[in-house]
Every structure is written in structure tokens, then in C-alpha cells.
Amino acid sequence: EKEAAFEVLKVDLPVGTLVEVLQDNDEMYGSWYAGEITGHKYPDKCEITYTELFEGDDEKPEADVDDKDKKRMVEEEPLQLIRPPPPAAEPERAAGLKPGDAVDLRYDSGWWEVELISIGSGVAGASGSGDAPVLTYTVKSTQFDVEHNVSAEELRPPHVWSRDTATWSLRPPPEVHMKNGEPKPPKGEDAGRSGKKKAGDGRTPDEPKEKASSYSI
């Protein structure tokens, strides 16, 4: 049975297939990184050569490494962490965004789950034309205690892949920082909160982790 499933895996995800891989280590937890299948490992893993994750010395910043010296990271990843690249976002997608929505943020070469906090106006940077005003989006991670102010180009729809049905859906509002479009009360001010904690980490179910070093502002 395992042998048959492995043969199906190799047919469904042949060498050369482009995918995204869910990261499950502490510093990158919940983020998605693009890669290419470059091999298979019995019984249920794929060898992934990452597109924008590189091997290197943690003590030397990646920016200080010449492009010619960068080596793309290769890892054996289980099938359950692998999905196809999500559908391309519609150009007008940002027009319908509102505070409290779930979105994905492009950060550090990957995509991270965030919650939209507010929409404001700012000034385009070097890539903009002059001082033309642009919309800026304040988002907060649903996994880590960090916040970013970004443009619409750095956001994408919060796609969820179902392997069972081979279909895409969208994540609902996470309600970690917002509820009904408004900021949630600070901890201790919500009398209706049950106070129930997750086993092992001492956090309430909707409380983000401490800031991760690889996801800092």
C-alpha cells in the first residue's frame, strides 16, 4: 500500500513541479515559501529546492553574501506541508479589503498570515512616482507579535488548499486582533473571555507568540 501511494505521489508531483511549502519551525512558523520538486523520498516526502531560501552561516547576514556564493536550500519535506502555488490575485482585490480581513503578507521572501488592522494614506517610496499619495495597509501577524505598514503589492488573498478536493478557499477573518472591524480590547479588559489557555505555552488561544527573530520589523 505504501509503495502504491509513493508511486501516486511521484505521478501527482513530478520532478520540476513548482510548489509552496508550509514552514513549521519556530522562527518561520506558518509561513509559505516557494520551491521546486527535485526528487522524492519514500514513503511520503518530496525533495524541495527552495527558490528564495539559501544555505549559509547564520552569523553572516545574507545581504553580505555574494549572489554567486549563495546556495539554494534543499530539504526533504512531507507531503502534508506541500501545496500548489495559489491562484494569481485579481488586480482590483485590494479595493474590497477592510479591517479585520485575513491576508497574506510578502515578507523575507515568503508569505505570512496576517490580519488587516487599518487602511490609511501614505507617500510612495523610491518605486513610486514623485510624492503621489498611496494607500498603506497596517497588518499584524496572527502568529507573532509584529506589525507592518505595507502597500497593496505586498499583500495577497489568504488562500487555503484542500488536498482532498483539490480546491482553493479563503481563510475567514482570524479575529486575533480585530472583531467586527474594530480592535479587540486589551488583555484583561474582556470580561467575557474564558481565559482558557493552550496546553504547554501559557497563551490564550487567540494570543500571538513573542516576536520571532526572522519576522522582526
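From a predicted model like this one, the values you see are computed outputs, not experimental measurements. (Residues numbered from 1 in each chain as written. Predicted model: local features only at pLDDT ≥ 70, side-chain atom pairs only at ≥ 80, totals over all residues. Heavy atoms only, no water.)

## Some thoughts on the packing of aromatic side chains
Scanning the entire structure with this criterion turns up 4 aromatic pairs. Ring plane angle 85° and centroid distance 5.4 Å describe the contact between F6 and Y42, whose orientation is recorded as edge-to-face. Here F6 is found in helix α1 (residues 2–12), whereas its partner Y42 is found in the loop between β2 (32–41) and β3 (45–55), with 36 residues between them in sequence. Judged by relative accessible area, F6 falls into the buried class, the value being 10%. Plain terms: the ring middles of W112 and F144 are 6.2 Å apart, the flat faces sit at 65° to each other, and that makes the pair edge-to-face. Residue W112 is found in strand β7 (residues 110–123), and its partner F144 is found in the loop between β8 (133–141) and β9 (147–150); the two are separated by 32 residues along the sequence. Each member of the pair W112 and F144 is classed as buried. In textbook terms, an aromatic cluster arises when at least three aromatic residues are bridged by ring pairs, as seen for Y107, W112 and F144. Here K70 stacks its cationic end above the ring of F54, 5.3 Å away from the centre of that ring. (Phe/Tyr/Trp six-rings, centres within 6.5 Å; stacked < 30°, edge-to-face > 60°. Helix = DSSP H or I, 4+ residues; strand = E, 2+ residues; numbered from the N terminus. Buried < 20%, exposed > 50% of the residue type's maximum accessible area, 1.4 Å probe, protein only. Lys NZ or Arg CZ within 6 Å of the ring centre and 35° of its normal.)

## Digging into the pattern of salt bridges
Pairing between side chains of opposite charge can happen when the charged atoms of each approach one another. Inspection of the entire model under this criterion finds 9 salt bridges. Where E20 meets R83, a salt bridge forms, and the shortest distance between an N and an O atom there is 3.0 Å. Linking E20 in strand β1 (residues 18–22) with R83 in strand β5 (residues 82–83), this pair joins segments that are 63 residues apart in sequence. On the basis of relative accessibility, which here comes to 4%, the residue R83 falls in the buried class. A salt bridge links D104 to R156; the shortest N-O distance between them is 3.1 Å. Note that D104 is positioned in strand β6 (residues 102–107) and R156 in strand β10 (residues 155–156), a separation of 52 residues in sequence. You'll find D104 and R156 in the same group, each marked buried. In this structure, a network of salt bridges that share partners links the residues E20, R83, D104, E113, R156 and R171. (Salt bridge = Lys/Arg side-chain N within 4 Å of Asp/Glu carboxyl O.)

Distances and angles like these do not, on their own, reveal function.
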